[in-house]
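Okay, here's what each chain looks like letter by letter:
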Amino acid sequence: MITLAQITDTHLFADKNTLMRGWPTWESLQAVVQAVAEAQPDLVLLTGDLADQGEGKAYRHLVELLEPLNLPIYWIPGNHDDGSKMANMLTGENFCSEKTFRLGSWRLLLLDSVLVESQIGQGALSEASWQWLENQLENYGDQPTLIALHHHPLQIGIDWMDMMQLQESERFQTLIARFRQVKLVIFGHIHAKFLQRLGTVDYHGTPSTCIQVADLDDENLPGFRMIHLAEDGTYKTQVQRVAFAPNRTRKSTMPH
Ligand SMILES: [Fe+2]
């Protein structure tokens, strides 16, 4: 059994004191990382929106907080990130840039779903990524597979959020359905816990380490996801919440 912790949508700023809609993202992430350390995963997977404005200093803060976990840390970008800064700065001793790797009997595939010219934060896969994904699935047909990307590749039922989903989501679902080794798809972006099964594949959304989307997620607390991958190709997962309450008297420095 191998256990990974998915941490997503940390939305850090260059200044640790900057708030996002009144929420102290740095303090909130500190509380989540503490809980992750106590949960003792074997590795960490970061699924994007790690910096709110793509600032280099925000990635430095992230490294400062995560390096002491002393675990392998894999990552993909989200629509708020600057992918090239990430590649340059997430290079600490424990950070891993691989996007396809084996974990026990499992294969993990990490997709970059950022559409650079996006106006509203929607995602897309490049033709090279579509081809890469198909090739990986063909090459490792005997390995139970987890796919991670930032954007949700299916409708979740909230109109404004679904406008920001992965474009060509049906193409994604159709491709995945051809490969029976794919057990689960995990994503961030929606700032909420979510689960839907399509065919034999589970699609999991994971809460942010800061603000949740309250109309989808009534728990409304920061969190992360633990995923236990068994050698026989089965898995278990649960979301863990962190009882972190921001001091609401501070003023937001971000426009709403
Ligand atoms: Fe986000």
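Figured I'd write up the structure that's included with this text.

Calculation rules
- Residues numbered from 1 in each chain as written.
- Predicted model: local features only at pLDDT ≥ 70, side-chain atom pairs only at ≥ 80, totals over all residues.
- Heavy atoms only, no water.
- Helix = DSSP H or I, 4+ residues; strand = E, 2+ residues; numbered from the N terminus.
- Expected span 1.5 Å × (residues − 1).
- Buried < 20%, exposed > 50% of the residue type's maximum accessible area, 1.4 Å probe, protein only.
- Donors = N, O, S within 2.8 Å, 3.2 Å for Na, K, Ca; no water.
- Tetrahedral: all angles 85-135°; square planar, octahedral: opposite > 155°, others 65-115°.
- Contact = heavy atoms within 4.5 Å.
- Pairing = 2+ DSSP bridges.
- Axes fitted to C-alpha atoms, helices over the stretch in contact; angles between N-to-C directions.
- Arc of directions from axis to C-beta.
- Phe/Tyr/Trp six-rings, centres within 6.5 Å; stacked < 30°, edge-to-face > 60°.
- Core = buried A, V, L, I, M, F, W, Y, C linked by side-chain atoms within 4.5 Å.
- Polar contact = N/O pair within 3.5 Å; in protein donor to acceptor, adjacent residues only side chain to side chain.

Turning to helix α1 (residues 25-39), a few remarks are in order. For α1, which comprises 15 residues, the first-to-last C-alpha distance of 21 Å matches the rise-based estimate of 21 Å (1.5 Å per residue) to within 8%. Taken residue by residue, α1 has Thr-25, Trp-26, Ser-28, Leu-29, Val-32, Val-33, Ala-35 and Val-36 as its buried positions. Phi turns positive, to about 55 degrees, at Gln-40, one or two residues after α1.

Before going further, it helps to examine the coordination of the iron ion. Protein coordination of the iron ion is provided by Asp-9 (OD), His-11 (NE2), Asp-49 (OD) and His-191 (NE2), with donor distances spanning 2.1 to 2.3 Å. Here the iron ion binds four donor atoms, and the angle range of 88 to 175 degrees at the metal identifies the geometry as irregular.

Bringing the environment of Tyr-74 into the picture now. Along the chain, the position of Tyr-74 falls in strand β5 (residues 73-76). Classification of Tyr-74 as buried rests on a relative accessible area of 12%. A C-alpha to C-alpha distance of 25 Å links Tyr-74 and Ala-177, two positions 103 residues apart in sequence. Ignoring sequence-local partners within four residues, the contact set of Tyr-74 consists of Leu-43, Val-44, Leu-45, Leu-46, Cys-96, Glu-98, Phe-101 and Leu-110.

Glancing now at unusual backbone geometry. Although it is not a glycine, Arg-21 sits at a positive phi angle of roughly 45 degrees. Positionally, Arg-21 belongs in the loop between β2 (19-20) and β3 (23-24). The phi dihedral of Asn-70 falls on the positive side, at around 60 degrees, and the residue is not glycine. By the secondary structure assignment, Asn-70 is in the loop between α2 (56-66) and β5.

The strand order across the open sheet formed by six strands is β6-β5-β4-β1-β13-β14, and the pairing between neighbours is mixed. Looking along the sheet, the strands with just one partner apiece sit at the ends: β6 (95-96) and β14 (235-241). Bridge count for strand β1 (residues 2-7) against strand β13 (residues 223-229) is five bridges, and the pairing is antiparallel. In the strand pairing of β13, Ile-2 is matched with Leu-229. Along the sheet, α1 contacts β1, β13 and β14; its crossing angle with β13, the most-contacted strand, is approximately 25 degrees.

Turning to helix α6 (residues 169-177), its buried residues number three or more, namely Ser-169, Phe-172, Leu-175 and Ile-176. With its buried residues spanning 125 degrees around the axis, α6 presents them on a single face. Exposed positions of α6 whose direction lies more than 90 degrees from the buried face are Glu-170, Thr-174 and Ala-177. Of the surrounding secondary structure, the elements contacted by the buried residues of α6 are α4 (127-139), β9 (145-148), β10 (182-187) and β12 (201-205).

Once that is clear, we can look at the packing of aromatic side chains. Under the counting rule described, the total for this entry stands at three aromatic pairs. Consider the rings of Trp-23 and Phe-244, whose centres lie 6.1 Å apart with planes at 50 degrees: the pair is tilted. Here Trp-23 is found in strand β3, whereas its partner Phe-244 is found in the segment after β14, with 221 residues between them in sequence. Taking relative accessible area as the criterion, Phe-244 reaches 12% and is therefore assigned buried. Taking the centre distance of 6.3 Å and the plane angle of 50 degrees together, the rings of Phe-187 and Phe-194 count as tilted.

Let us look at the nonpolar core. By size, the foremost hydrophobic cluster in this structure holds 35 residues, and its most contacted members are Leu-46, Leu-62, Leu-66, Leu-90, Phe-95 and Phe-224. Going through the elements one at a time, β1, α1, β4 (43-47), α2, β5 and β13 are the ones with two or more residues in this core. Excluding its chain neighbours within four sequence positions, the residues that come into contact with Leu-62 are Thr-10, Leu-12, Leu-29, Leu-46, Leu-50 and Leu-90. Membership of the second largest hydrophobic core comes to 27 residues, among which are Trp-130, Leu-175, Val-182 and Val-201.

Once that is clear, we can look at the side chain of His-11. For His-11, the position within the fold is in the loop between β1 and β2. Polar contacts involving the side chain of His-11 include one to the side chain of Asp-52, which spans 2.7 Å. If sequence neighbours within four positions are ignored, His-11 has contacts with Met-20, Thr-25, Asp-49, Leu-50, Ala-51, Asp-52, His-80, His-191 and Cys-210.

The next thing to look at is the side chain of Asn-94. As for its position among the elements, Asn-94 is in the loop between α3 (83-89) and β6. Classification of Asn-94 as buried rests on a relative accessible area of 13%. Of the polar contacts made by the side chain of Asn-94, one reaches the side chain of Glu-67; its length is 2.6 Å. The residues contacting Asn-94, other than those within four sequence positions of it, are Glu-67, Asn-70, Leu-71, Pro-72 and Ile-73.

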